[in-house]
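Chain residues, written in single-letter form:
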There are 2 protein chains.
Amino acid sequence: MTNKFPQRSHCPINYALESFGDKWTLLIIRDLMFNDKQSYGDFLASGEKISTNILADRLKRLEELGIVTKGAQAPNRSKVAYSLTQKGRDLLPIMLEITRWSGKYDADTYASRSFLMRLEQDRDKLIAAIRAGW
Amino acid sequence: MTNKFPQRSHCPINYALESFGDKWTLLIIRDLMFNDKQSYGDFLASGEKISTNILADRLKRLEELGIVTKGAQAPNRSKVAYSLTQKGRDLLPIMLEITRWSGKYDADTYASRSFLMRLEQDRDKLIAAIRAGW
DNA sequence: CTGTATCCTTAGGGATACTG
DNA sequence: CAGTATCCCTAAGGATACAG
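Just so you know, these numbers come straight off a predicted model, no measurement behind them.

Cut-off values and rules
Residues numbered from 1 in each chain as written. Chains lettered and ligands numbered in written order. Predicted model: local features only at pLDDT ≥ 70, side-chain atom pairs only at ≥ 80, totals over all residues. Heavy atoms only, no water. Helix = DSSP H or I, 4+ residues; strand = E, 2+ residues; numbered from the N terminus. Buried < 20%, exposed > 50% of the residue type's maximum accessible area, 1.4 Å probe, protein only. Contact = heavy atoms within 4.5 Å. Areas by Shrake-Rupley, 256 points an atom, 1.4 Å probe, with all protein chains shown as cover. Lys, Arg positive; Asp, Glu negative; His and termini not counted. Charge placed at Lys NZ, Arg CZ, Asp CG, Glu CD. Core = buried A, V, L, I, M, F, W, Y, C linked by side-chain atoms within 4.5 Å. Near = heavy atom within 4 Å. Polar contact = N/O pair within 3.5 Å; in protein donor to acceptor, adjacent residues only side chain to side chain. Nonpolar A, V, L, I, M, F, W, Y, C, P; charged D, E, K, R; others polar. Buried area = accessible area lost by both parts, 1.4 Å probe. Salt bridge = Lys/Arg side-chain N within 4 Å of Asp/Glu carboxyl O. Domains from an automatic or database assignment. Least-squares fit on C-alpha atoms with pLDDT ≥ 70 in both. Axes fitted to C-alpha atoms, helices over the stretch in contact; angles between N-to-C directions. Parallel < 35°, antiparallel > 145°, perpendicular 65-115°, else oblique. Left-handed = near helix turned anticlockwise from the far one by under 90°.

It is not clear to me how the overall build of chain A should be interpreted in this structure. Could you clarify?
When you go through chain A residue by residue, the secondary structure sums to 7 helices and 2 strands. When the elements of chain A are put in sequence order from the N terminus, they spell out α-α-α-α-β-β-α-α-α. Based on the C-alpha atoms only, the size of chain A along its principal axes is roughly 45 × 45 × 30 Å. In chain A, which comprises 134 residues, the share counted as buried stands at 47%. Considering only contacts within chain A whose residues lie at least 6 apart along the sequence, 49% involve residues at least 24 apart. For chain A, the accessible area works out to roughly 7,100 Å², and carbon and sulfur atoms hold 54% of it. The averaged location of the 16 negative side-chain charges in chain A is 2 Å from the averaged location of its 21 positive side-chain charges.

Could you clarify how one ought to interpret the nonpolar core in this entry?
Looking at soluble globular proteins, one finds that nonpolar side chains tend to be buried together. Counting residues in hydrophobic clusters, the biggest one holds 67 residues, and the most contacted among them are Ile29(A) and Ile29(B). With near-sequence residues (within four places) excluded, Ile29(B) lies in contact with Leu62(B), Ile67(B), Leu84(B), Leu91(B) and Met95(B).

Could you clarify how one ought to interpret the protein's contact with DNA strand C in this entry?
Near DNA strand C lie 18 residues; those nearest to it are Thr52(A), Arg58(A), Gly41(B), Lys70(B) and Tyr82(B). Considering the 4 Å shell around the protein, atoms of DNA strand C inside it are sugar or phosphate in 61% of instances. A distance of 2.4 Å separates a phosphate oxygen of DNA strand C from a polar atom in the side chain of Arg58(A). Thr52(B) places a polar side-chain atom, nitrogen or oxygen, 3.2 Å from a base oxygen of DNA strand C. In terms of residue class, the surface near DNA strand C is made up of 6 nonpolar, 8 polar and 4 charged.

What exactly am I supposed to notice about the interface of chain B and chain A here?
Bring the parts together and some accessible area is lost; that lost area is often taken as the interface size. In this assembly, 46 residues from chain B lie in contact with 46 residues from chain A. Regarding the contact of chain B and chain A, the summed buried area is about 4,200 Å², with carbon and sulfur atoms giving 65% of it. It is Arg8(B), Ile13(B) and Trp101(B) in chain B that bury the most area against chain A; as a group they hold 18% of the surface buried on that side. Connecting chain B to chain A are 4 salt bridges.

How do you make sense of the domain arrangement of chain A when you look at a structure like this?
Residues and elements named next belong to chain A. If you check the domain split of chain A, you get domain 1 (1-85) and domain 2 (91-134). Each partner contributes to the interface: domain 1 provides 7 residues, whereas domain 2 provides 7 residues. Of the roughly 630 Å² buried between domain 1 and domain 2, counting both surfaces, carbon and sulfur atoms make up 90%. The largest per-residue losses of area from domain 1 upon contact with domain 2 belong to Leu26, Met33 and Phe34, which jointly make up 62% of the total buried on that side. At the boundary of domain 1 and domain 2, one finds 0 salt bridges. Counting the contacts that link domain 1 with domain 2 gives 0 residue pairs in polar contact (both at pLDDT 80 or more). Counting residues per element, the side of domain 1 that touches domain 2 draws most heavily on helix H2 (residues 25-34), which supplies 5 residues. Looking at the side of domain 1 that touches domain 2 residue by residue, the classes come out as 6 nonpolar, no polar and 1 charged.

For this particular structure, what's the right way to read the side chain of Asp22(B)?
Mapped onto the fold, Asp22(B) is located in the loop between helix H1 (12-20) and helix H2 (25-34). The exposure class of Asp22(B) is buried, given its relative accessible area of 13%. A polar side-chain atom of Asp22(B) sits 2.4 Å from a polar atom in the side chain of Thr25(B). In this structure, Asp22(B) is in contact with Leu17(A), Gly21(A), Lys23(A) and Arg58(B), ignoring residues within four places of it in sequence.

Help me understand the protein's contact with DNA strand D in this model?
Around DNA strand D, 17 residues are found, and the nearest of them are Gly41(A), Lys70(A), Tyr82(A), Thr52(B) and Arg58(B). Sugar and phosphate atoms form 63% of the subset of DNA strand D atoms that lie within 4 Å of the protein. At a separation of 3.4 Å, a phosphate oxygen of DNA strand D approaches a polar side-chain atom of Trp24(B). Sorting the residues of the surface near DNA strand D by element identifies helix H3 (40-44) and helix H4 (52-64) of chain A together with helix H4 (52-64) of chain B as the ones contributing at least two each. The dominant element in the surface near DNA strand D, judged by the number of residues it contributes, is H4(B), at 4 residues. Class assignment for the residues of the surface near DNA strand D results in 6 nonpolar, 8 polar and 3 charged.

I would appreciate a short explanation of the relation of the copies chain B and chain A in the present structure.
Between the two copies of this chain, the relationship is a rotation about some axis together with a displacement along it. Here chain B sits on chain A after a turn of 180 degrees about the axis and a move of 0.0 Å along it, with an RMSD of 0.0 Å. The two molecules are tied by a two-fold rotation axis, judged by turn and shift. Both copies present the same face, since 100% of the interface residues in chain B are matched by interface residues at the equivalent positions in chain A.

I'm lost on the packing of helix H6 (residues 92-105) of chain A against helix H7 (residues 113-132) of chain A in this one. Help?
Packed helices, taken two at a time, are described by the angle their axes make and the gap between the axes. All names here are of chain A. Between H6 and H7, the least distance of the axes is 10 Å, while the angle of their chain directions is 165 degrees. Of the possible angle classes, the one that applies to H6 and H7 is roughly antiparallel. Seen from above, H6 lies across H7 with left-handed handedness. Each of Leu92, Pro93, Leu96, Glu97, Thr99, Arg100 and Gly103 in H6 lies in contact with H7, whose residues at this interface are Phe115, Leu116, Leu119, Glu120, Arg123, Leu126, Ile127, Ile130 and Arg131.

So, in structure tokens, the structure goes:
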């Protein structure tokens, strides 16, 4: 069978790029991981103003990659709850290092100083929790 | 003055995405950081087959962002040596976490088991070195 | 060798209307 | 509310030729 996700190379950096190397995917993961968002409407409401077609496309792709799962919605509710899989939660260390880097170099970042300090303190604890499976 | 790099938001994840959130930039950084590459031709020769216009564009952008510097080439040589700035070297922890994640989830990645084990052992040492300024 | 320039094609994505 | 569907435009990118 032909692979749905052909790779340009078998480099680990490249694998990551082909998983979430675009301008939108990581924002969805951020919302799931840090912002307690889980519904289509939640993601749409984020500050970067993702459009509906892009959001639907990325959610589908994230599901196919096994990073996100579409939660079993309650029968009579039209709310759909997305959540991170283990593979998705395992992105936490990357997200923390990114936050730390941006916090150092982006004067305008809204990761406040107190948030960054807390991040430093909780980092190992958070990562250990992730590795244990949460 | 109008900013050359308008931001969609002031989120740290978004800052990173707007710095290197595309399919090529991180490959150049990888080549500089791990593969002892430093010339235009070196980058062109990498497995993912970046094209000349894209490479030139990304190098320029990386310079503007202060992640890469164009080395002072020797007078009579046409070789140009690019290298990472401190801001660029500070991406190491992110790169290591990405490598670790891909090593866990990409069956085809060429980060061999032995490389990943070495990464685990040397990780803190490498990061400490980066923080000290190399 | 280090790029520029050009041509051309495709993919990404904004806006908005619409459907179950 | 959670998507689909369209329309349309721009940015991204491959190929290749050329220049300093």
